[in-house]
Amino acid sequence: MPDTLGEYRRKRRFDRTKEPAGDAAARPRTRRRRLKLYVQKHAASHLHFDFRLELDGVLKSWAVPKGPSLDPGVRRLAMEVEDHPLEYGRFEGAIPEGEYGGGTVMLWDRGSYRPETPVRGADAQDVLREQYERGDLKIFLQGERLRGGFVLVRMKRPGRPQWLLIKHRDEFAEPGSDVAQAFKASVKTGRTMKEIAAGKRARARADGGGDGRKRRATGGRGGRKT
Ligand code: MN
């Protein structure tokens, strides 16, 4: 499997940011394990949502300025950015000012995804990889806030690939809604952006979701020292 995380690592200084370095051993994926979906709300120089889909051991990533929508009448611009390590999906916290992406990161949604049309016999990743390369990803999201069929379609423009993220018309569509505005707190810790920025502790949740930043600090993978 080619390592596509070079750009991710080049942009960051892991002795200054608590973001994962992405050097964990690639997680083997059995056919039965579901592919991960993560959406992070990121207050960097411009507020945006990072939409991430697991494919071939990394997170394919798009910056969506207005966030995803469940309204099939709405097309959301999704600018493709560098692949992120799989473990990035659990990251929530503050990236120091002055560092790449400096600002607050909230885990806004999480779950899994699959091809919109179930594939009998074929591996889901083979189908998704082919659609990704063709620039026409038809996916079914199984997040806590985002559900149902979506398409990510690549526009033919020069430069870094720009895509549109559009909800398909199905039972999960919510015309007239703006889900990105409706949910203001972390799906993992219940914290608002302000509370994450201030380093407040996670709100108690039935699922036991805690503050990943603290766990990482004692996790033994202490980041690079220069
Ligand atoms: Mn971002």
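Residues numbered from 1 in each chain as written. Predicted model: local features only at pLDDT ≥ 70, side-chain atom pairs only at ≥ 80, totals over all residues. Heavy atoms only, no water.

Caption draft 1: Structural context of the overall build of the chain. Regarding its fold elements, the chain presents five helices and nine strands. Seen in sequence order, the chain has helices and strands lined up from the N terminus as α-β-β-β-β-β-β-α-β-β-β-α-α-α. In the chain, the share of contacts with a sequence separation of at least 24, taken over all contacts with a separation of at least 6, comes to 60%. (Helix = DSSP H or I, 4+ residues; strand = E, 2+ residues; numbered from the N terminus. Contact = heavy atoms within 4.5 Å.)

Caption draft 2: Up close: the coordination of the manganese ion. The protein atoms donating to the manganese ion are His42 (ND1), His48 (NE2) and Asp50 (OD), with metal-donor distances spanning 2.2 to 2.3 Å. Linear spacing of the donor residues for the manganese ion on their chain is H-x5-H-x1-D. Just as His42 is buried, Asp50 falls in that class too. (Donors = N, O, S within 2.8 Å, 3.2 Å for Na, K, Ca; no water. Buried < 20%, exposed > 50% of the residue type's maximum accessible area, 1.4 Å probe, protein only.)

Caption draft 3: Geometry of the packing of aromatic side chains. Applying the stated criterion to the full structure yields ten aromatic pairs. Ring plane angle 75 degrees and centroid distance 6.4 Å describe the contact between Trp62 and Tyr132, whose orientation is recorded as edge-to-face. Taken together, the residues Trp62 in strand β3 (residues 58–64) and Tyr132 in helix α2 (residues 124–134) connect sequence positions 70 residues apart. Across the pair, Tyr132 and Trp62 agree in class, each one buried. For the pair Trp62 and Trp163, a centre-to-centre distance of 5.5 Å together with 85 degrees between the ring planes defines the contact as edge-to-face. Of this pair, Trp62 sits in strand β3 while Trp163 sits in strand β9 (residues 162–167), and the two are 101 residues apart along the sequence. Among the aromatic residues, ring-to-ring pairing joins Tyr8, Phe14, Tyr88 and Phe91 into one connected group. (Phe/Tyr/Trp six-rings, centres within 6.5 Å; stacked < 30°, edge-to-face > 60°.)

Caption draft 4: A look at the nonpolar core. In this structure, Phe51, Leu53, Trp62, Tyr113, Ile139, Leu141 and Leu152 are the most contacted members of the largest nonpolar core, which totals 28 residues. Ranked by residues supplied to this core, first place goes to strand β2 (residues 47–55) with four residues. (Core = buried A, V, L, I, M, F, W, Y, C linked by side-chain atoms within 4.5 Å.)

Caption draft 5: Highlighting the pairing of strand β4 (residues 75–85). Of the pairings in the sheet, the one linking β3 to β4 comprises five bridges and is antiparallel in character. Considered in β4, the bridge of Leu59 is made with His84. The pairing of β4 with β9 spans five bridges and is antiparallel. If you follow Arg76 over to β9, its bridge partner there is Leu165. (Pairing = 2+ DSSP bridges.)

Caption draft 6: Region of the structure containing the side chain of Arg76. Looking at the element boundaries, Arg76 is found in strand β4. Polar side-chain contacts of Arg76 include one of 2.9 Å to the backbone oxygen of Gly67. Aside from chain neighbours lying at most four places away, what touches Arg76 is Val64, Lys66, Gly67, Pro68, Ser69, Trp163, Leu164, Leu165 and Asp178. (Polar contact = N/O pair within 3.5 Å; in protein donor to acceptor, adjacent residues only side chain to side chain.)

Caption draft 7: Seen up close, the pairing of strand β8 (residues 147–154). Two strands pair when backbone bridges link them, and strand β7 (residues 136–143) and β8 are joined in this way by seven bridges, in the antiparallel orientation. Among the inter-strand pairings, Leu137 is bridged to a residue of β8, identified as Leu152. If you look at the hairpin formed by β7 and β8, you'll find three residues sitting between the two strands.

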